[in-house]
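Breakdown of the fold
Spelled out, the chains give:
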Amino acid sequence: MKAHLENAKKWEEISKGVKIVPRKMMVERNNKSDQESTEDDLSGFGESLIEKSTVTWKDIGGLDEVKDLIQETIVIAILNKPESVKPDKGILLFGPPGTGKTLLAAAAAGSLKVTFFNVKISNILSKYFGESSKLITALYESARAHAPSIVFIDEFDSITLSRDGDQGEASRKVLSTLLAELDGFQDKKSDRLVLTLAATNTPKDLDQAVLSRFPKRIYTPLPDKKSCQEIIKIQLRGLDSASIEFEKIGEMCVTNRYSGRDIQNICKDAIHSMLHRSNPDIFTDIDKIAELPFDELKKRTLKVSTLTMDDFTGAIARVKTPVSAAKLAEYDDWNKKYGAG
Ligand SMILES: Nc1ncnc2c1ncn2[C@@H]1O[C@H](COP(=O)(O)OP(=O)(O)O)[C@@H](O)[C@H]1O
Ligand SMILES: [Mg+2]
């Protein structure tokens, strides 16, 4: 039991991107006979990737078409059906950073109340020479054991088959293992649902071979005006936003090519301004207040007041536009060429 816990802890650290196994040990490990390199080594890896998702579809602004497609895929996969109705193996989400790809996967898991596995494929590929594909197997074993499950695989572009050497070799093995696991999902004998959602911010880096195996490729675009307004309303839940001209801010967000994440940052910034305005006693003397012990601070409450348009225009002036128009055109082009619902 102790060994299991230690393993789980180790994988947890590695899955966060902390490299704790020195290269020398890796080589030694790879030289071990198959028998020595037991499956126990990998137990705990899948579990360490489980995240609790409390997100639901209601927490997503816009992305109606994407939501519908994912929901359809899930429903078809779950409902009883004749043999010849084959659900999709997996869905590939692509689009600029911060447009809600992770959020969509979390919402699918949170709404269905199923187990949510969240993994960056780049971590698996870069950390384990020779063991990457075993980690995929371990991941899917856990996903089946904890089924129904949703497996979210981020940074999917890291699977680069065209690369020579260790990286290309690891990618090929990982992809073939992954595809075999995805096929397993269609296994009629198994009613243990495991749905895979993959995501990339750089679809143009995807290999043709990877693409051809993921026919369902869905674009998560930057939010349009209506979606921006929805995202702002989600972020301001519970606060007084009666004086906010949502139309106007929505338009500014579109002009600035803001992603959902940028909008979230703007809302945070605007709320921060409102808090400053509403609590001068605290913020003009923050040094002194911060010297108070925890228990003293816990007795106090922040005042809130109406958010103003100035809070938002100030925030918008501070948040830069991260996606260039040229970059955005590239996403649109790629969508026209390869995107498919
Ligand atoms: N469509 C959206 N609706 C609501 N919030 C969003 C939306 N898109 C992005 N966000 C906010 O931005 C954050 C980052 O989004 P994320 O899903 O991680 O983007 P991606 O995975 O595409 O890079 C989310 O946690 C959420 O708070
Ligand atoms: Mg993400």
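In this text the structure is predicted, and so the values were computed from the model without any measurement. Positions within a chain are numbered from 1, following the residues in the order the chain's sequence is written. Chain letters and ligand numbers both follow the written order, the letters beginning at A and the numbers at 1. Per-residue local features are limited, in this predicted model, to residues with pLDDT of at least 70; the limit for side-chain atom pairs, both in listing and counting, is 80 or more; totals at the level of whole chains, interfaces and linings are taken over all residues. Side-chain metrics in this entry use all non-hydrogen atoms of the structure; hydrogen atoms and water are not considered.

**What to know about the overall build of the protein**
For helices the rule is a DSSP run of H or I covering at least 4 residues; for strands it is a run of E covering at least 2, with both sets numbered from the N terminus onward. If you tally the helices and strands in the protein, you get 17 helices and six strands. When a residue's accessible area, from a 1.4 Å probe over protein chains only, is under 20% of the maximum for its type it is buried; when over 50% it is exposed; and in between it is partly exposed. Taken across its 341 residues, the protein has 45% of its residues classed as buried. A sequence separation of at least 24 residues applies to 83% of the contacts in the protein between residues at least 6 apart. Whether two residues are in contact is decided by their heavy atoms, any of which lying within 4.5 Å being enough.

**Quick look at the packing of helix α10 (residues 225–235) against helix α11 (residues 246–255)**
At a closest axis distance of 8 Å, the pairing of α10 and α11 adopts a crossing angle of 115°. In this view, α10 runs roughly perpendicular relative to α11, as classed from their interaxial angle. Helix-helix and strand crossings are classified by hand; for α10 and α11 the assignment is right-handed. Each of K225, C228, Q229, I232 and K233 in α10 lies in contact with α11, whose residues at this interface are F246, E247, I249, G250, E251, C253 and V254. Any residue that is not Ala, Val, Leu, Ile, Met, Phe, Trp, Tyr, Cys, Pro, Asp, Glu, Lys or Arg is counted as polar, Gly included; the first ten are nonpolar and the last four charged. When its residues are assigned to classes, the contact of α10 with α11 shows six nonpolar, two polar and four charged. Fitted lines through C-alpha atoms give the axes, limited to the stretch in contact for helices. The angle between two N-to-C directions lies from 0 to 180 degrees. Each angle is binned into one of four classes, with values under 35 degrees roughly parallel, values over 145 roughly antiparallel, values of 65 to 115 roughly perpendicular, and all other values oblique. Working rule for handedness: look at the near helix, and if it is turned counterclockwise from the far one by less than a right angle, call the crossing left-handed; if clockwise, right-handed.

**Overview of the site of ligand 1**
Taken together, the neighbourhood of ligand 1 is formed by 16 residues, with G61, G98, K101, T102 and L103 sitting nearest. In the analysis that follows, any N or O atom pair within 3.5 Å is treated as a polar contact, provided that within protein one partner can donate a hydrogen and the other can accept it, and provided that, for residues neighboring in sequence, both atoms belong to side chains. Taking G100, its main chain carries an N or O atom lying 3.1 Å from an oxygen atom of ligand 1. Between ligand 1 and R261, the relevant distance is 3.2 Å, taken from an oxygen atom to a side-chain nitrogen or oxygen of the residue. Counted by class, the shell around ligand 1 contains five nonpolar, eight polar and three charged residues. Where each domain starts and ends comes from a domain assignment, either automatic or drawn from a database. Of the residues that make up the shell around ligand 1, three or more belong to each of domain 1 (49–219) and domain 2 (225–321). To be near a molecule or strand, a residue needs just one of its heavy atoms within 4 Å of it.

**Comments concerning the pattern of salt bridges**
Each reported salt bridge corresponds to a side-chain nitrogen of Lys or Arg within 4 Å of a carboxyl oxygen of Asp or Glu. If you walk through the whole model with that rule in mind, you get 14 salt bridges. Note that D59 and R237 form a salt bridge whose closest N and O atoms lie 2.8 Å from each other. Within this pair, whereas D59 is found in the loop between β1 (50–51) and α4 (64–78), its partner R237 is found in the loop between α10 and α11, the two being separated by 178 residues in sequence. Judged by its relative accessible area of 49%, R237 falls in the partly exposed class. Of the charged contacts in the structure, one is a salt bridge between D285 and K288, with a shortest N-O distance of 4.0 Å. Look at D285 and you get partly exposed, because its relative accessible area is 34%. Through salt bridges with shared partners, a single network forms among K225, E247 and E251.

**So, the packing of aromatic side chains**
Ring pairs shown here join Phe, Tyr and Trp side chains whose ring centres sit within 6.5 Å, with only the six-membered ring taken for Trp; geometry is labelled stacked below 30 degrees between planes, edge-to-face above 60, and tilted in between. A complete count under the given rule lists four aromatic pairs for this structure. When the ring of F94 is compared with that of Y219, the centres are 5.2 Å apart and the planes differ by 15°; the resulting orientation is stacked. Note that F94 is positioned in strand β2 (residues 90–94) and Y219 in strand β6 (residues 217–219), a separation of 125 residues in sequence. We note that F94, like Y219, is buried. A ring is considered to have a charge above it if a Lys NZ or an Arg CZ atom is located within 6 Å of its centre and within 35 degrees of its normal. Over the ring of F246 we find K233, and its NZ or CZ is 4.8 Å from the ring centre.

**Re the pairing of β2**
Within β2, five of the five residues are buried, which leaves it mostly tucked inside the rest of the structure. Neither face of β2 is open: one carries G90, L92 and F94, the other I91 and L93, and all of them are buried. Here β2 runs beside strand β5 (residues 194–200); their pairing, made up of five bridges, is parallel. Bridging across to β5, F94 finds its partner in T200. Here β2 pairs with β6 via three bridges, running parallel. The residue of β6 that forms the bridge with F94 is Y219. DSSP-based pairing: two strands are paired if at least 2 bridges between them are found.

**As for the sheet that holds strand β3 (residues 115–120)**
Here we have six strands laid out as an open sheet, ordered β1-β3-β4-β5-β2-β6, and mixed in their pairing. The open sheet has two edge strands with one neighbour each: β1 and β6.

**Points about α11**
The set of residues buried in α11 consists of F246, I249, G250 and C253. Buried positions in α11, seen along its axis, are confined to an arc of 105° and lie on one side of it. With its phi angle positive at about 55°, R257 sits one or two positions after the end of α11. By definition, the arc is the one covered by directions from the helix axis to the C-beta atoms.

**Some thoughts on the state of the cysteines**
Throughout, a disulfide means two cysteine sulfur atoms within 2.5 Å of one another. Within the structure shown, the criterion is met by zero disulfides. With no disulfide of its own, C253 lies closest to C228 among cysteine sulfurs, the gap being 4.8 Å. According to the relative accessible area criterion, C253 is buried, its value standing at 2%.

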